[in-house]
Amino acid sequence: MAEENQNIICAPAESAIKIHKWKVREGYPVTSGNIILFYELPNGPEKDVKRLKATKAGVVKKRLAKEGEIVDKGKPLLALEQCSHTTVINDMCADCGADLRQDDLAGGSEASVPMIHSVPELKVTETLAKKLGQADTERLLRDKKLVLLVDLDQTLIHTTNDNVPNNLKDVYHFQLYGSNSPWYHTRLRPGALEFLAKMHPYYELHICTFGARNYAHMIAQFLDRDGKLFSHRILSRDECFNATSKTDNLRALFPCGDSMVCIIDDREDVWNMAANLIQVKPYHFFQHTGDINAPPGMSKHELDGKGVDFKDLIGQISKDKKDKGKNNSRPPTPKIETDEVKSEEGTSEDGKPVSSTAEETKDEPTSAEPSEQTEETKTEENKQSEEKSSEKDSLAGDSNNKEKNDKDEEENLIEIEDPDDYLLYLEHILLKIHQTFYEEYEKTKQISDLKRLIPQVKSQVLVGFNLVFSGLVPNSMKLEESKAYQVARSLGATVTQDFTPDTTHLVAVTFGTSKVHNARKNPKIKMVTPEWLWACAERWEHVEERLYPLKQSKPSKMRQPPPHCHSPG
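So, a few notes on the structure that sits alongside this text. (Residues numbered from 1 in each chain as written. Predicted model: local features only at pLDDT ≥ 70, side-chain atom pairs only at ≥ 80, totals over all residues. Heavy atoms only, no water.)

1. Considerations on the overall build of the protein chain
Looking only at helices and strands, the protein chain has 13 helices and 23 strands in total. Among the 569 residues that make up the protein chain, the fraction classed as buried is 42%. Long-range pairs, those at least 24 residues apart, make up 66% of the contacts in the protein chain between residues at least 6 apart in sequence. Surface exposure of the protein chain reaches about 32,400 Å², of which carbon and sulfur atoms provide 47%. (Helix = DSSP H or I, 4+ residues; strand = E, 2+ residues; numbered from the N terminus. Buried < 20%, exposed > 50% of the residue type's maximum accessible area, 1.4 Å probe, protein only. Contact = heavy atoms within 4.5 Å. Areas by Shrake-Rupley, 256 points an atom, 1.4 Å probe, with all protein chains shown as cover.)

2. Points about the sheet that holds strand S5 (residues 50-53)
Taken together, four strands build an open sheet; the order of strands is S5-S4-S2-S7 and the sheet is antiparallel. If you trace the sheet from one side to the other, it starts and ends with S5 and strand S7 (70-71), each paired once. In this sheet, S5 lies alongside strand S4 (residues 35-40) in antiparallel orientation, the contact comprising four bridges. If you follow isoleucine 35 over to S5, its bridge partner there is lysine 53. (Pairing = 2+ DSSP bridges.)

3. Observations concerning unusual backbone geometry
The backbone phi angle of serine 231 is positive, close to 55 degrees, even though this residue is not glycine. Note on placement: serine 231 falls in the loop between helix H3 (213-223) and strand S17 (234-235). The backbone phi angle of methionine 273 is positive, close to 55 degrees, even though this residue is not glycine. Turning to its location among the elements, methionine 273 is positioned in the loop between strand S18 (261-265) and strand S19 (277-279). Overall, the relative accessible area of 39% leaves methionine 273 in the partly exposed class.

4. Comments concerning the pairing of strand S6 (residues 58-63)
One ladder, built from two bridges, connects strand S3 (residues 29-30) with S6; its direction is antiparallel. Bridge assignment links proline 29 to a residue of S6, and that residue is valine 59.

5. With respect to the side chain of lysine 515
With respect to the helices and strands, lysine 515 occurs in helix H12 (residues 514-519). Nearest to the buried, unbridged lysine 515 among oppositely charged side chains is aspartate 498, at 4.5 Å. (Lys, Arg positive; Asp, Glu negative; His and termini not counted. Salt bridge = Lys/Arg side-chain N within 4 Å of Asp/Glu carboxyl O.)

6. Things to note about helix H1 (residues 126-143)
The α-helix winds at 3.6 residues per turn, so residues separated by three or four positions along the chain end up facing the same way. Here H1 is 18 residues long and its end C-alpha atoms lie 25 Å apart, about the 26 Å a rise of 1.5 Å per residue gives. All of the buried residues along H1 are Leu128, Ala129, Gly133, Thr137, Leu140 and Leu141. At the exit of H1 stands lysine 144, carrying a positive phi of roughly 55 degrees. (Expected span 1.5 Å × (residues − 1).)

7. Describing the packing of helix H11 (residues 483-490) against helix H13 (residues 530-539)
Contact geometry of H11 with H13 gives a least axis separation of 10 Å together with a crossing angle of 45 degrees. It follows that H11 is oblique to H13 by the angle criterion. Once H11 is placed against H13, the crossing between them reads as left-handed. Of the residues in H13, those touching H11 at Ala484, Val487 and Ala488 are Leu533, Trp534 and Ala537. Per-class residue counts for the contact of H11 with H13 are six nonpolar, no polar and no charged. (Axes fitted to C-alpha atoms, helices over the stretch in contact; angles between N-to-C directions. Parallel < 35°, antiparallel > 145°, perpendicular 65-115°, else oblique. Left-handed = near helix turned anticlockwise from the far one by under 90°. Nonpolar A, V, L, I, M, F, W, Y, C, P; charged D, E, K, R; others polar.)

8. Re H13
Burial analysis of H13 places 10 of its 10 residues in the buried class, which makes it a mostly covered element. Taken together, the buried positions of H13 are Pro530, Glu531, Trp532, Leu533, Trp534, Ala535, Cys536, Ala537, Glu538 and Arg539. Its buried side turned inward, H13 meets helix H9 (422-444), helix H10 (450-458), strand S20 (466-470), H11, strand S22 (505-508) and strand S23 (526-528). Following H13 by one or two positions, tryptophan 540 adopts a phi angle in the positive range, close to 60 degrees.

9. Here we look at the pairing of S18
Counting buried residues in S18 gives five out of five residues, a clear majority hidden from the surface. Every second residue of S18 is oriented toward a common face, with Val261, Ile263 and Asp265 on one face and Cys262 and Ile264 on the other, all of them buried. The sheet contact formed by strand S12 (residues 146-150) and S18 spans four bridges and is parallel. What sits directly across from leucine 148, in S18, is cysteine 262. Examined bridge by bridge, S18 and S19 share three bridges and lie parallel to one another. By the bridge assignment, isoleucine 264 is partnered in S19 with isoleucine 278.

10. Looking at the packing of helix H2 (residues 192-199) against H9
Running from N to C, H2 and H9 point in directions that differ by 10 degrees, and their axes come no closer than 10 Å. When the interaxial angle is binned, H2 and H9 end up roughly parallel. Contact residues: Ala192, Phe195, Lys198 and Met199 in H2; Leu423, Leu426, Glu427, Leu430 and Leu431 in H9. Considering only residue class, the contact of H2 with H9 consists of seven nonpolar, no polar and two charged.

11. Observations concerning the pattern of salt bridges
Scanning all chains against the criterion turns up 19 salt bridges. Residue aspartate 449 is joined to lysine 451 by a salt bridge in which the shortest nitrogen-to-oxygen separation is 3.2 Å. According to the relative accessible area criterion, lysine 451 is partly exposed, its value standing at 30%. The closest approach of N and O atoms between glutamate 545 and lysine 526, which form a salt bridge, is 3.7 Å.

In short, geometric facts, not functional conclusions.
Here it is as structure tokens:
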């Protein structure tokens, strides 16, 4: 009967055995071929210890015999229970080693949650995922951290595969798929490295990008050379469940919920307008390139025409080089030996470089035959001495050459003025969110949901401000339906159609309106352009009104807010 039981491992059918030592214990996963015990034959020679291997997979439920006990042939030794396969990779159980595609006796697995960013093939059961997720939550709370999902393209970097000069300062040039593949050129957003270093003590950093895996890991090396900031937490297009949405992966990465997750991205559509998203100001450096990793059919065009036009720059560089060649009156640069020059001059039999002086000495005829041996000896000594001198000069030349080249390269780098300073404001926003979260946690010991807390932090920016619009809302549109109204309300401001005793600001497009005329009579009302409101929304702070005064000679051109200033949801 024991042999018929699929969950029992029995002693060999040939003979009884004496158990010398067990190698497994209760709860221990066993796969076919694992050693489960050492044994001796009761009537066999002493110290002739043999091994008994498992013939099936499972988890040890109970050992049915003790060490030193003799078990008759074919009798039960070990009771197993079926492995629940809580961790699976490529249909192989990581616990018991069973191949779930071929082993019918192993049963199926409920492992369906991929919790490792870059290894989607590794899956765990929902029960284990929640257990691991709870452990992650406790660790974050203990370290006083939140989670920050970081987009790459046009958030922290801008990449192009257009032809650009190879000596641009702070631009990385790389190929992803070998020497015949296209070149990519990536510019880091000003302050990106400092921003990440400052966020690291407060946030666990994750990369989440629609770029391919090779691309994501290459950019990660530029941003995090030592791997201390992101570690393995890099989610690329190859691991995303959905080609046009990043939200589908959140449940797998954070099985206990995303209440402690904050997202920074330049586009909100790929996050389904999530409330815990901070839509950042897009970074645009290369004029003719947008988001090269945008999902199919979801390219952005609002920044077309902005950035640096490197086609014009390349033409200017070529012109400058020609002019420099024509007008160069400096004396020629002294010749410095390179490997190519040395190889042309020749090498000695032992592979050492031979100087031109040594060659000339070698070719000179000897002066007199009687002293031929003496002259040959002297010539040989001179040759060796000159070879050593040549080697020293060559090494010194190489060192000086390297220093000179490094200096020349640094001097020849083209530095493009980049006024982008957005990451300074984003840093302030994220620190405020972190501070608010942990202040609430210390008071209540409850985890606040960032989908509630982030809009709450934003809604404090213009609390107490009462705005009236002029020229911002079309006559055919209700005030409450306008984007300007929604932006102002998301910042906590009150907006009315007409002036009230509490009105503090008039946001006007142009000077010659009746509302502007009335506001000029009230010194308490500050008159600003719409750019002031958009700046407040971009920076999440009350911006000084004097930076955006309403001028008669300069009407505003921005009636609509930039896309990144829209309110969440």
